[in-house]
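Architecture at a glance
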Amino acid sequence: MDAIKLFCLPYAGGSSAFYGKWRAALAPDIELVFVELSGRGMRFGEKLYQSFEQAVEDVYTTIRAQIKADEPYAIFGHSMGALLAFEAVQKMQQAQQNVPDWLFLSAKKPPIEKYHEKMDTHTLSRQAFCAHLKELGGTPQEFFDSEALQDLFLPIIRADYRILSQHRPNPNIQRLNSQLIILNGKEDIQEKDVLEWEELTNKTCDFHFFTGGHFYIQKHVATVHQLIRNKLGKQL
């Protein structure tokens, strides 16, 4: 049987490099497919997104171009990547297209009205914005020590935060016909909030909580890999 495709979406300001070491860990039964967002990584020279809808459309088009009508596949998204994944799958389902069998959503609240918050993080001063990133974790110290790196990457990160500020809960949101696997750091989002993802699927919804904060995944990557293998392995 062919390997199952796992499309991976990064967090705000991130690139496919975040998942770089996953390919060897999940091969040969799982084929990692990097969804590189515009303006970073392998698409560094391209324009940054001007709206959240533009980013969703790009993700939707990228994934649709690489799957067959009846092909089983999975998507993994962390933080902003989780929100982009969810909205892209909403678009697929509303168009009656092939949705993923498994949707791994990490470090994100459900995109429903009660959790919608006004975001203005992208407008912070350089110093305050860097302090915010440092508090989240996940960004190497070299970034904070180098003005050159900040000059290079801060515009990308700010642009992602700006489009996130534009996102509004979909009034026509549908329960997805995908299994949801929700991952969260215990020091990040409150468990009671995370559990509401269960209301957004017609299939099963599994929850996995890890020690750590927003970037818990860096310390628990081996466990996350095993979780993915266990879920997708049932199809192999």
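That block above? That's the structure.
Residues numbered from 1 in each chain as written. Predicted model: local features only at pLDDT ≥ 70, side-chain atom pairs only at ≥ 80, totals over all residues. Heavy atoms only, no water.

Turning to unusual backbone geometry, a few remarks are in order. Residue Pro28 is reached from Ala27 by a cis peptide bond, and omega for that bond is 5°. In the Ramachandran plot, Gln96 falls in the positive-phi region, its phi being about 55° despite a non-glycine side chain. Within the element layout of this structure, Gln96 appears in the loop between α3 (80–94) and β4 (102–106). With relative accessibility at 76%, the residue Gln96 sits in the exposed group. Look at Ala107: it is not a glycine, yet its phi comes out positive at around 60°. Within the secondary structure, Ala107 is located in the loop between β4 and α4 (126–136). By relative accessible area, Ala107 is classed as buried at 2%. (Helix = DSSP H or I, 4+ residues; strand = E, 2+ residues; numbered from the N terminus. Buried < 20%, exposed > 50% of the residue type's maximum accessible area, 1.4 Å probe, protein only.)

Turning our eyes to something else, we now look at the sheet that holds strand β1 (residues 4–9). If you trace the 6 strands from one edge of the open sheet to the other, you get β2-β1-β3-β4-β5-β6, paired in parallel fashion. At either end of the open sheet lies a strand with only one pairing partner, and these are β2 (30–34) and β6 (205–210). Neighbour to neighbour, the strand axes of the sheet diverge by 20° on average, direction disregarded. Across 5 bridges, β4 lies against strand β5 (residues 179–185) in parallel orientation. Within β5, the position partnered with Leu103 by the bridge is Leu180. On top of the sheet, α3 reaches β1, β3 (73–78) and β4; it is set at about 140° to β3, its chief contact. (Pairing = 2+ DSSP bridges. Axes fitted to C-alpha atoms, helices over the stretch in contact; angles between N-to-C directions. Contact = heavy atoms within 4.5 Å.)

What follows is about the packing of helix α2 (residues 52–64) against α3. Contact geometry for α2 and α3: axes closest at 9 Å, N-to-C directions at 70°. As the angle between them shows, α2 and α3 are arranged roughly perpendicular. Crossing handedness for the pair α2 and α3: right-handed. Across from Phe52, Ala55, Val56, Glu57, Val59, Tyr60, Ile63 and Arg64 in α2, the residues of α3 making contact are Leu83, Leu84, Glu87, Ala88, Lys91 and Met92. When the residues that make up the contact of α2 with α3 are grouped by side-chain class, the tally is 10 nonpolar, no polar and 4 charged. (Parallel < 35°, antiparallel > 145°, perpendicular 65-115°, else oblique. Left-handed = near helix turned anticlockwise from the far one by under 90°. Nonpolar A, V, L, I, M, F, W, Y, C, P; charged D, E, K, R; others polar.)

Purely geometric stuff here, so don't read any function into it on its own.
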